Protein chains: 2
Amino acid sequence: MSKSVDFYFDFSSPYGYLASTRVDDVAARIGAAVHWRPFLLGAVFKLTGAGPLVSIPLKGDYTRHDWARGARRRGVPFRLPAHFPFGAVSASRAYYHVRHQDPAAAVRLAKALFHAAFGEGRDISPLETVAAVAEAAGFDSEDILAGMQSAAVKESLKLEVETAIARGVFGSPFFIVGEEGFWGDDRLDDAAAWLVAGGW
Amino acid sequence: MSKSVDFYFDFSSPYGYLASTRVDDVAARIGAAVHWRPFLLGAVFKLTGAGPLVSIPLKGDYTRHDWARGARRRGVPFRLPAHFPFGAVSASRAYYHVRHQDPAAAVRLAKALFHAAFGEGRDISPLETVAAVAEAAGFDSEDILAGMQSAAVKESLKLEVETAIARGVFGSPFFIVGEEGFWGDDRLDDAAAWLVAGGW
């Protein structure tokens, strides 16, 4: 399968969660593979000067409303964690740890983590919570705990964040097809259309 | 016609321009009226702490590319003015001056101004340029010049900006159907779908 979409997201991003519930379906319809690539928005915000949406006047109220509305439209559960935004470092490390062995399993883990965070409103920042969510999804929690603390996995995440920034990723979700970037859950269909049409 | 869409935009917003080239068509397809309501993003940015997109690292490069790409897809011309962002006060005042007498003519003027700014890349901040664009579009330039300087028109624009902020408008374009707001050119179809479905 030569067509593919890089799906960049932060585990603490509700728009990332919304995209995660349909990106595989959208890509499957056009015969494209999806590479799930969690990164850390905090590192990007240091460059762009942006901050969490919910703390911005006017925009914060809008986005809270828009997340719930988007979830209703897609027929997926939505519950904003009381502690938000939360740290996505552990979740991201767990993802890359699993991906080193089994990319498909890593996507299953990512979906379980996103569901825990925004389907159930849990704070998935602690290592222990990530391990518990992973265990409930069929993973070995001891292995996940060890993986999140391994130097190689930490380095993988750091490299992924640097690569994301080098490719111009500044928000979540962010889709890249070839050299072309599309920012936002509402641009997923554009990214797919670009891939099919070869540009415009 | 009871269904309607409030179309908020800043004349200095390329995404506002892109939306302006299709908002009437989208609304006509669902039998809705469009109320064109220019406002001033600068006033909103004082509240939200946001700034012009082009000056933000990563995001600035993306948006420049995305504007041109969006224009290509819609088949409309696009040229970013050398002096950008430019002041939209005079253009907005000219719009409200004409709207007091003839709302349909005001929309024609808005389209001519947007085309001058982003179709031709002209700086439409000076009063004289607004008057010249208006004259070329069939308006009386003396009347437009006087209108832009009238106290009543200045007050109208001030009130529109305050109303926009009170309604939660924080970006351009921004669509409101009933009490429901949708931010961004890429959400115009959602706004129309909401109006048809009555919500979700």
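Residues numbered from 1 in each chain as written. Chains lettered and ligands numbered in written order. Predicted model: local features only at pLDDT ≥ 70, side-chain atom pairs only at ≥ 80, totals over all residues. Heavy atoms only, no water.

### Structural notes on the side chain of Arg187 of chain B
Here is step 1: By the element assignment, Arg187 of chain B lies in the loop between strand E4 (180-183) and helix H10 (188-197).
Here is step 2: Here Arg187 of chain B falls in the buried class, since its relative accessible area comes to 10%.
Here is step 3: Side chain to side chain, Arg187 of chain B and Asp66 of chain A meet in a polar contact 2.9 Å long.
Here is step 4: Here Arg187 of chain B is in contact with Tyr62, Asp66, Arg69 and Asp186 of chain A together with Phe175 and Phe182 of chain B, once residues within four sequence places are set aside. (Helix = DSSP H or I, 4+ residues; strand = E, 2+ residues; numbered from the N terminus. Buried < 20%, exposed > 50% of the residue type's maximum accessible area, 1.4 Å probe, protein only. Polar contact = N/O pair within 3.5 Å; in protein donor to acceptor, adjacent residues only side chain to side chain. Contact = heavy atoms within 4.5 Å.)

### Looking at a negative patch on the surface
Here is step 1: Where like charges cluster on the molecular surface, the negative patch consists of Glu135, Asp140, Glu142 and Asp143 of chain A.
Here is step 2: With respect to the element layout, Asp140 of chain A can be found in the loop between helix H7 (127-136) and helix H8 (141-148). (Patch = residues over 30% accessible without salt bridge, like charges linked within 9 Å, V, L, I, M, F, W, Y side chains within 5 Å. Areas by Shrake-Rupley, 256 points an atom, 1.4 Å probe, with all protein chains shown as cover. Salt bridge = Lys/Arg side-chain N within 4 Å of Asp/Glu carboxyl O. Lys, Arg positive; Asp, Glu negative; His and termini not counted. Charge placed at Lys NZ, Arg CZ, Asp CG, Glu CD.)

### What about the interface of chain B and chain A?
Bring the parts together and some accessible area is lost; that lost area is often taken as the interface size.
Here is step 1: Listed by partner, the interface residues are 28 residues for chain B and 28 residues for chain A.
Here is step 2: Summing both partners gives a buried area of about 2600 Å² for chain B against chain A, and 57% of it is carried by carbon and sulfur.
Here is step 3: For chain B, the biggest contributors to the area lost against chain A are Leu58, Arg73 and Trp200 of chain B; these three give 25% of the whole.
Here is step 4: At the surface where chain B touches chain A, the tally comes to eight salt bridges.
Here is step 5: At the boundary of chain B with chain A, the tally comes to 16 residue pairs in polar contact (both at pLDDT 80 or more).
Here is step 6: The greatest single-element share of the side of chain B that touches chain A, amounting to seven residues, is contributed by helix H4 (residues 59-74) of chain B.
Here is step 7: Grouping the constituent residues of the side of chain B that touches chain A by class yields 15 nonpolar, four polar and nine charged. (Buried area = accessible area lost by both parts, 1.4 Å probe. Nonpolar A, V, L, I, M, F, W, Y, C, P; charged D, E, K, R; others polar.)

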